[in-house]
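Descriptive structure summary
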Amino acid sequence: MKAHLRASKKYWSIRKITFVAILISISVTAAIIGVTIIPIASIPSYKLSFTGLPIKISGFIFGPIIGFFIGIIADILSILFIPSYIHWGYILVSGINGLVPGLVSVILFKFLTNWIDKRSRLKSIKEELKELQFNKTIEIDLNRITKLDRNIKWRKAQIEKLDKQVAHSKINSEKMLGWIYLFTTWFFIGLAATINITVILEVIDPSTFEKSLLKSQINVIILTSVGFVSIFIFILFARFKMKFEKFSIIGAIISFSVILESVQVYLLAYTDSNVLRLEFVPALIQHIFTAPIKVWFNMVVIYFSWKVINYLLNRNKSINL
């Protein structure tokens, strides 16, 4: 019954299509400018550093499906303008750049937040109700109008029920969510650091490090750990010093950045070894070493970019496009 009464939301609105097109063009343009300034950026693993940011932002805002779609399309289009190596691994990494942020966003802000915070759930349902009521005013099909009436009635019943729950709730949902976001971010940071250290100690031959600038496993572990520890401490500081909304966004960005780096490190190293004929281990060391730096960079750039794009996206939201 509930499934039958759910609203059929417009997945591809004009507003969303417009921003998707803009983000794809920004991603491709960033790659072109990057290669113009730094020719070595034509190498796919470096090019992804330029195209990846708009793709991650798109996934974070629009969800995993659109994020993955933008990642794939942006990478294919960039190849048309920047002739380079083509491999499914690079295209997959580009798609993952949009997929993972979208999944983190959906899990944290849609399911987890709405499940714990009744006020957030109430706000979401009110927005759905508003959209349904607008759709009814422009609908001409009688059967469709009947379905919309049912959906509107169902949403109103949900709102009435949640209003009562919110009025009698004594749980500080924001505080609870803050701790959940903190421990979730810590978990992903710890997992990524553990995987990297394990690979350095158990998988990579120690003699490989002797040929590199860092000379030993310990030096690589220390430098990598410093980056992750600094992020670990920062998110703890943010939990108590930042407003909840800002902290939750930054925590989510760090979470998906850490997940992405953990996945991409090995996929990029594998692809580089196959396409560029590089040795797998040196390529892996390079990506492991730069992972914490990329997380910091992602956190700063994506947060401020998200603020701008999210503002533009939700501006005049009452106008249903």
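Predicted model, so just to flag it, every value in this text is computed and none were measured.

**Overview of the UniProt feature "transmembrane region" (unreviewed entry) in the protein**
Under the UniProt annotation, the feature "transmembrane region" (unreviewed entry) is placed at residues 17-38, 59-82, 88-112, 179-204, 216-237, 249-269 and 295-313. Spanning residues 216-237, this segment combines 95% helix with 0% strand, and its end C-alpha atoms are found 32 Å apart.

**Let's talk about the packing of helix α3 (residues 44-62) against helix α4 (residues 64-81)**
Contact pair α3 / α4: the axes reach a minimum separation of 8 Å and the direction vectors enclose 155°. The angle between the axes of α3 and α4 places the two elements in the roughly antiparallel class. At the point where α3 passes α4, the crossing takes the right-handed sense. Along the contact surface, α3 presents Lys47, Leu48, Ile55, Ser58, Gly59 and Phe62, while α4 presents Pro64, Ile66, Gly67, Ile70, Gly71, Ala74, Asp75, Ser78 and Ile79.

**Things to note about the packing of aromatic side chains**
For the structure on display, the rule yields 12 aromatic pairs. Residues Phe109 and Tyr181 carry aromatic rings whose centres are separated by 6.0 Å and whose planes lie at 75° to one another, so their mutual orientation is edge-to-face. Pair noted here: Phe109 is in helix α5 (residues 88-116) and Tyr181 is in helix α8 (residues 173-203), with a separation of 72 residues, a long-range link. Residue classification places Tyr181 among the buried positions, given a relative accessible area of 2%. When the ring of Phe187 is compared with that of Phe188, the centres are 5.4 Å apart and the planes differ by 65°; the resulting orientation is edge-to-face. Judged by relative accessible area, which is 51%, Phe187 ranks as exposed.

**Details of the side chain of Ser248**
You can see Ser248 is positioned in helix α11 (residues 244-275). Within the structure, Ser248 has its side chain in polar contact with the backbone oxygen of Glu245 (distance 2.7 Å).

**Notes on the environment of Ile189**
With respect to the helices, strands and loops of the structure, Ile189 is situated in helix α8. For the pair Ile189 and Ile254, spaced 65 residues apart in the sequence, the C-alpha separation amounts to 8.3 Å. Beyond its immediate sequence surroundings of up to four residues, Ile189 is in contact with Phe228, Ile231, Phe232, Ile254 and Val258.

**Remarks on the environment of Leu201**
As for its position among the elements, Leu201 is in helix α8. For Leu201, a relative accessible area of 41% gives the class partly exposed. The spacing of Leu201 and Ile221 is 20 residues in sequence and 8.8 Å in space, taken between C-alpha atoms. Apart from the residues lying within four places of it in its own chain, the contact partners of Leu201 are Gln217 and Ile221.

**Description of α3**
Compared with the 27 Å implied by 1.5 Å per residue over 19 residues, the 25 Å span of α3 between its first and last C-alpha is a close match. Largest kink in α3: about 45°, centred on Thr51, with the proline Pro54 one to four residues after it. Taken across its 19 residues, α3 has 16 buried, putting it largely inside the fold. In the segment just after α3, Gly63 is the residue with positive phi, at about 105°.

The rules behind the values
Residues numbered from 1 in each chain as written. Predicted model: local features only at pLDDT ≥ 70, side-chain atom pairs only at ≥ 80, totals over all residues. Heavy atoms only, no water. UniProt positions renumbered as here; feature names shortened; annotations may be inferred. Helix = DSSP H or I, 4+ residues; strand = E, 2+ residues; numbered from the N terminus. Axes fitted to C-alpha atoms, helices over the stretch in contact; angles between N-to-C directions. Parallel < 35°, antiparallel > 145°, perpendicular 65-115°, else oblique. Left-handed = near helix turned anticlockwise from the far one by under 90°. Contact = heavy atoms within 4.5 Å. Phe/Tyr/Trp six-rings, centres within 6.5 Å; stacked < 30°, edge-to-face > 60°. Buried < 20%, exposed > 50% of the residue type's maximum accessible area, 1.4 Å probe, protein only. Polar contact = N/O pair within 3.5 Å; in protein donor to acceptor, adjacent residues only side chain to side chain. Expected span 1.5 Å × (residues − 1). Bend = angle between axes of the 7 residues up to and from the residue.

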